Amino acid sequence: MLLFRSEEHVDRWCATWRLPKGAVLSLKQGWDLARVWYGEDRRDPAWRRRTLEETEAVFAELGFTSESWNLR
Amino acid sequence: MELDQRVRWVVYDVTMREGAPPLASQLATLLDMPLDDVRASLQRLASARMLVMQEGEILMAGPFSAVPTPFRVTTSEFSCYGNCIWDALGIAAMLQSDVEITTSCGDCGAAMRVAVRGGVVAGDGLMHFALPARQWWQDVVFT
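My aim in this report is to walk through the structure given alongside it, one point at a time.

Conventions and cut-offs
Residues numbered from 1 in each chain as written. Chains lettered and ligands numbered in written order. Predicted model: local features only at pLDDT ≥ 70, side-chain atom pairs only at ≥ 80, totals over all residues. Heavy atoms only, no water. Axes fitted to C-alpha atoms, helices over the stretch in contact; angles between N-to-C directions. Helix = DSSP H or I, 4+ residues; strand = E, 2+ residues; numbered from the N terminus. Parallel < 35°, antiparallel > 145°, perpendicular 65-115°, else oblique. Left-handed = near helix turned anticlockwise from the far one by under 90°. Contact = heavy atoms within 4.5 Å. Buried area = accessible area lost by both parts, 1.4 Å probe. Salt bridge = Lys/Arg side-chain N within 4 Å of Asp/Glu carboxyl O. Phe/Tyr/Trp six-rings, centres within 6.5 Å; stacked < 30°, edge-to-face > 60°. Buried < 20%, exposed > 50% of the residue type's maximum accessible area, 1.4 Å probe, protein only.

All names here are of chain B. Where helix 1 (residues 3–18) meets helix 2 (residues 24–31), the axes come as close as 11 Å, and the angle between the chain directions of the two elements is 115°. Comparing their axes, helix 2 and helix 1 come out roughly perpendicular. As for how helix 1 packs across helix 2, the hand of that crossing is right-handed. Contacts from Arg6, Val7, Val10, Val11 and Val14 in helix 1 reach Leu27, Leu30 and Leu31 in helix 2.

Okay, the interface of chain B and chain A next. Of the residues lining the interface, 51 residues belong to chain B; the matching set on chain A comes to 46 residues. Note on chain B versus chain A: buried area summed over both sides is about 4400 Å², and carbon and sulfur give 66% of it. When the buried surface of chain B facing chain A is broken down by residue, Trp86, Leu126 and His128 of chain B rank first, second and third, together holding 18% of it. Residue arginine 43 of chain A is joined to aspartate 13 of chain B by a salt bridge in which the shortest nitrogen-to-oxygen separation is 3.4 Å.

Attention now goes to the packing of helix 2 of chain B against helix 3 (residues 35–47) of chain B. Residue and element names in this part refer to chain B. Packing of helix 2 against helix 3 leaves a shortest axis separation of 9 Å and a crossing angle of 110°. Viewed along their axes, helix 2 and helix 3 adopt a mutual orientation that is roughly perpendicular. In terms of crossing hand, the pair formed by helix 2 and helix 3 is right-handed. Contact residues: Ala24, Ser25, Leu27 and Ala28 in helix 2; Leu35, Val38, Arg39 and Leu42 in helix 3.

Aromatic rings in a pair are described by how distant their centres are and how their planes are angled relative to each other. Scanning all chains against the criterion turns up 8 aromatic pairs over all chains. On the basis of an interplanar angle of 10° and a centroid distance of 6.1 Å, the ring pair of tryptophan 37 of chain A and phenylalanine 59 of chain A is categorised as stacked. Separated by 22 residues along the polypeptide, tryptophan 37 of chain A in helix 2 (residues 27–38) and phenylalanine 59 of chain A in helix 3 (residues 52–61) bring together distant segments of the chain. The class for tryptophan 37 of chain A is buried, based on a relative accessible area of 15%. Taking relative accessible area as the criterion, phenylalanine 59 of chain A reaches 1% and is therefore assigned buried. Through a chain of ring-to-ring contacts, three or more aromatic side chains come together here, namely Trp37, Tyr38, Phe59, Phe64 and Trp69 of chain A together with Trp86 and Phe129 of chain B.

This is the structure in structure tokens:
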């Protein structure tokens, strides 16, 4: 995941590399996702990766509902 | 604590204190374990998608990178590297620390700075996830 100055720069990067445009998040949205994703202590023996259903719930709670966030 | 949990504990303990994942040989010393056993455990953790390995060493202990990347993160304790802009923010989240992120626009290369202070992110720019979420682990280095 890269950072871009603006949507125009995202579009140009996608065109340059002939890649379809994916999800675009504001820094605030990205920070919200980072806090949920990485906020847990991975040293904790009880820590485990989220299940598919748990991950879907995280995305839904953050309002990430476009096809880019569809895990199935 | 099971073996792989102990290994994971030490991996993240070192990473969170020093800013980069330890070498397998360091882990063997810290855990007082044979190197082959450490490598086997790391491989199991990688198979469970808890780490990313490259040539027998940890490449990524998310959100930290073992190698320099375009996402440099500076805390009050050290400078380190995130695997991507999301992971750079993830380092602030994992450490619960203020950070300064130095990176550049993926398109034009212009320098960009992002800060997290007091749990609030500041800076300009947009994050682009080139791959759909279901494909993130198909090529995690590209992701």
